[in-house]
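# Residue-level structure breakdown
Single-letter residue listing:
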Amino acid sequence: MGKIKKKPILLFVIAIVALYAIIYIIPSVTGALISSYTAEYGELKVSDETTGYIVRNETVYLASSGGEINRYIEEGSLVRQGTSVMEINGGSGEEISSEYTDLLTRLGDAAVTSQDYTVGEGGVVSYYADGYESRLNPDNMEKGGYSYYSKLSQDNVTDLKRDSAAAGEPVYKVVDRTKWYIVCFVDKEHGDRYEKGRQVTVEFDDDFVETEVYSAEEQDGRVRVILETDYYYSQFAQRRVADVQLVTYDEQGLLVENSSIVEKDGKQGVYVKNKTGEYTFMAVKVYATDGERSLIADDFFYDDEGEMTDTVEIYDEVLKNPD
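What you are looking at is a predicted structure, and each value in this text was computed from that prediction instead of being measured. (Residues numbered from 1 in each chain as written. Predicted model: local features only at pLDDT ≥ 70, side-chain atom pairs only at ≥ 80, totals over all residues. Heavy atoms only, no water.)

## Examining the pairing of strand S19 (residues 267-273)
With 3 bridges joining them, strand S18 (residues 262-264) and S19 adopt antiparallel strand pairing. Residue pairing for S19: valine 262 is matched across the bridge by glycine 269. Counted between consecutive antiparallel strands, the loop separating S18 from S19 contains 2 residues, among which aspartate 265 sits at a positive phi close to 55°. Linking S19 back to strand S20 (residues 279-283) in an antiparallel pair, the connection comprises 5 residues, with glycine 277 at a positive phi of about 90°. (Pairing = 2+ DSSP bridges. Helix = DSSP H or I, 4+ residues; strand = E, 2+ residues; numbered from the N terminus.)

## Looking at the environment of serine 77
As for its placement among the helices and strands, serine 77 is situated in the loop between strand S4 (67-71) and strand S5 (78-79). Separated by 157 residues in sequence, serine 77 and serine 234 place their C-alpha atoms 9.8 Å apart. Excluding residues within four positions of it along the chain, serine 77 makes contact with Gly123, Val124 and Val125. In terms of polar contacts, serine 77 uses its side chain to reach the backbone carbonyl oxygen of glutamate 74, at 2.9 Å. (Contact = heavy atoms within 4.5 Å. Polar contact = N/O pair within 3.5 Å; in protein donor to acceptor, adjacent residues only side chain to side chain.)

## Points about a nonpolar patch on the surface
Side chains of Phe300, Tyr302 and Met308 sit close together on the surface and give an oily, nonpolar patch of about 340 Å² of accessible area. Its location among the elements puts methionine 308 in strand S24 (residues 308-310). (Patch = residues over 30% accessible without salt bridge, like charges linked within 9 Å, V, L, I, M, F, W, Y side chains within 5 Å. Areas by Shrake-Rupley, 256 points an atom, 1.4 Å probe, with all protein chains shown as cover. Salt bridge = Lys/Arg side-chain N within 4 Å of Asp/Glu carboxyl O.)

## Let's talk about the packing of aromatic side chains
Counted by the stated rule, this structure contains 11 aromatic pairs. Taken together, a centroid distance of 4.2 Å and an interplanar angle of 10° make the contact between phenylalanine 204 and tyrosine 233 stacked. Highlighted residues: phenylalanine 204 in the loop between strand S14 (199-203) and strand S15 (208-219) and tyrosine 233 in the loop between strand S16 (222-229) and strand S17 (241-257), separated in sequence by 29 residues. With a centroid separation of 5.7 Å and an interplanar angle of 70°, the aromatic rings of tyrosine 271 and phenylalanine 281 are classed as edge-to-face. Of this pair, tyrosine 271 sits in strand S19 while phenylalanine 281 sits in strand S20, and the two are 10 residues apart along the sequence. Taken together, the aromatic side chains of Tyr53, Tyr146, Tyr148, Tyr149 and Phe185 make up a single cluster linked through ring pairs. The positively charged end of lysine 196 is found above the aromatic ring belonging to tyrosine 214, 5.3 Å away from the centroid. (Phe/Tyr/Trp six-rings, centres within 6.5 Å; stacked < 30°, edge-to-face > 60°. Lys NZ or Arg CZ within 6 Å of the ring centre and 35° of its normal.)

## What about the sheet that holds strand S3 (residues 58-63)?
Read from one edge to the other, the open sheet built from 5 strands follows the order S5-S8-S12-S3-S7, with strand pairing classed as mixed. What marks the edges here is a single partner per strand, and that holds for S5 and strand S7 (112-114).

## Some words on the nonpolar core
Counting residues in each nonpolar core, the largest one holds 25 residues, and the members touching the most others are Val85, Met86, Ile88, Tyr127, Val171 and Tyr172. It is S3 that contributes the most residues to this core, 4 residues altogether. Residue contacts for valine 171: discarding those within four places in its chain leaves Tyr61, Leu62, Ala63, Ile69, Met86, Ile88, Tyr127, Leu160, Arg162 and Ala165. Residues Val202, Val225, Leu227 and Val244 belong to the second largest nonpolar core, which totals 22 residues. (Core = buried A, V, L, I, M, F, W, Y, C linked by side-chain atoms within 4.5 Å. Buried < 20%, exposed > 50% of the residue type's maximum accessible area, 1.4 Å probe, protein only.)

## Considering the sheet that holds strand S6 (residues 86-90)
Strand order in the open sheet made by the 3 strands is S6-S4-S11, with antiparallel pairing throughout. In this open sheet, the two edge strands, each paired with only one partner strand, are S6 and strand S11 (164-165). As judged from the 2 bridges shared by S4 and S11, these two strands associate in the antiparallel manner. Each residue of the ladder has a partner; that of glutamate 68, found in S11, is serine 164.

## Thoughts on the pattern of salt bridges
Overall, the coordinates contain 14 salt bridges when judged by the stated rule. Taking the shortest distance from any N to any O, the salt bridge between arginine 239 and aspartate 205 comes out at 3.1 Å. Here aspartate 205 lies in the loop between S14 and S15 and arginine 239 lies in the loop between S16 and S17, a separation of 34 residues in the sequence. The exposure class of arginine 239 is buried, given its relative accessible area of 16%. Owing to a relative accessible area of 63%, aspartate 205 belongs among the exposed residues under this scheme. For lysine 273, the salt bridge is made with glutamate 317, and the minimal N-O distance between the two is 4.0 Å. Here the residue lysine 273 occupies a position in strand S19, and glutamate 317 occupies one in strand S25 (residues 317-319), the gap between them amounting to 44 residues. Taking relative accessible area as the criterion, glutamate 317 reaches 27% and is therefore assigned partly exposed.

## Examining unusual backbone geometry
If you check the backbone angles, aspartate 220 has positive phi at about 50° while not being a glycine. Along the chain, aspartate 220 turns up in the loop between S15 and S16. By relative accessible area, aspartate 220 is classed as exposed at 77%. Backbone geometry places tyrosine 315, a non-glycine residue, at a positive phi of 75°. With respect to the helices and strands, the residue tyrosine 315 is situated in the loop between S24 and S25.

Structure follows, in structure tokens:
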């Protein structure tokens, strides 16, 4: 009777030992739980998602008299000095609409009251304004930090197109499109991506422009990046604030996971499975990383001494997390 009672206990112990062997002992011998993956070609895109604040040389024009508006020039048109943008006829004694009060306050004395509604200096005609046209320009944009720029809002941009205007109201503006700027703030850990003179692609929700880093300065735990461009963007005169993606690297090549990269004898490398099933160290040359993956040289590369070094090839099996 005692032997019968002990039998379930013995079977339980045997089951535990067998389970332990399956989970711990056998994998350590056979490598069954070693995590690896196949190195393959792909796209590595290094970018920062942030807010862009657009800075331009621009002039807002006010109506010299009230009346009905007849526009000659469409939004976004490039015009020469002296071009007639519109005419206002009929006369009107209406007071300035409260819709433009804040905008006019911000403009101050910088706005131009035009008698003939022509262009003083050539540029792009726009019917959008926010009043910062006089406060924010390329000459003073470096004085502002995050506390200043973060207060700007696209909600302040007012559509100036309407059928009539009162004297003193803003009716159009002209923007210099030969050079304009985008001010952004990025994580300070990514500051090395924005060396002066480096090319950066700025992606908007509807288009992109190529830019060059004008300046990069660390401020209060962030890096203020100012980008300069002469590319045309259809919304550049309408937008003051926009969500943007700053792309500093976008290439195709052989990719490995950053967790695979270790240092051995002063060299960066990964462990690659050889023909005998063992993992051996192989040096790599990293071109760029997005923090999770790295684009590396494939087949071979030349080290700092000019020596050709064999490296990872496509479809090599790479150890995911070397000890």
